[in-house]
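Analysis of the macromolecular model
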Amino acid sequence: MPLLRLNDSAIHQVLTHAKVIAVVGHSDKPYRTSYQIAQFMRNVGYTVYPVNPQVQEIDSQPSYPSLKTIPEPVDIVNVFRRSEYLSEIVNEAIDINAKTIWAQLGVADEVAAQKALNAGLNVVMDSCIKVEYLRLGIR
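The model shown is predicted, which means the values in this text are computed figures rather than measured ones.

**Structural notes on the overall build of the protein chain**
- On a plain count of helices and strands, the protein chain comes out with five helices and seven strands.
- When the helices and strands of the protein chain are read in sequence order from the N terminus, they spell out α-β-α-β-β-β-β-α-β-α-β-α.
- What you see for the protein chain is a C-alpha radius of gyration of 14 Å, in line with the 14 Å of a compact globule of 139 residues.
- By principal-axis analysis of the C-alpha atoms, the protein chain measures approximately 35 × 30 × 25 Å.
- Residues counted as buried form 47% of the 139 residues belonging to the protein chain.
- Relative to all contacts within the protein chain whose residues are 6 or more apart in sequence, the contacts with residues 24 or more apart total 60%.
- When the accessible surface of the protein chain is summed, it comes to about 7100 Å², and 48% of that surface belongs to carbon and sulfur atoms.
- Of the charged side chains in the protein chain, 13 are positive and 14 negative, and the gap between their average positions amounts to 4 Å.

Conventions adopted
Residues numbered from 1 in each chain as written. Predicted model: local features only at pLDDT ≥ 70, side-chain atom pairs only at ≥ 80, totals over all residues. Heavy atoms only, no water. Helix = DSSP H or I, 4+ residues; strand = E, 2+ residues; numbered from the N terminus. Rg over C-alpha atoms; globule rule 2.2 N^0.38 Å. Buried < 20%, exposed > 50% of the residue type's maximum accessible area, 1.4 Å probe, protein only. Contact = heavy atoms within 4.5 Å. Areas by Shrake-Rupley, 256 points an atom, 1.4 Å probe, with all protein chains shown as cover. Lys, Arg positive; Asp, Glu negative; His and termini not counted. Charge placed at Lys NZ, Arg CZ, Asp CG, Glu CD.

Printed below as a string of structure tokens:
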């Protein structure tokens, strides 16, 4: 069961209104889940920015060292890092005025979630963005 989860209507609204997703922990390896989910989100029409300071580019697209270096406003910060990194990622998401922090399956931190909520962000933790997109039938 997800630690913190918006209701279906709120998740639907987040996913239909979002245009730009930053994927923190985006791998350049096609067999990794972060790569596959990011590709799916690109294929359904989102602008997806890889955020990974260890990688220069992914599929000829620049990879950004931090959220602050992304060249346009971010709607969803999709996190593929371990839970202990969530607090600092939430701080960055707040700093760039992101609208939603979305931590993938297995990633959750109650303190970070509360910090994001207090700053006015939508919060989804321990949940797969692709699974929710498909489950809710978003087009």
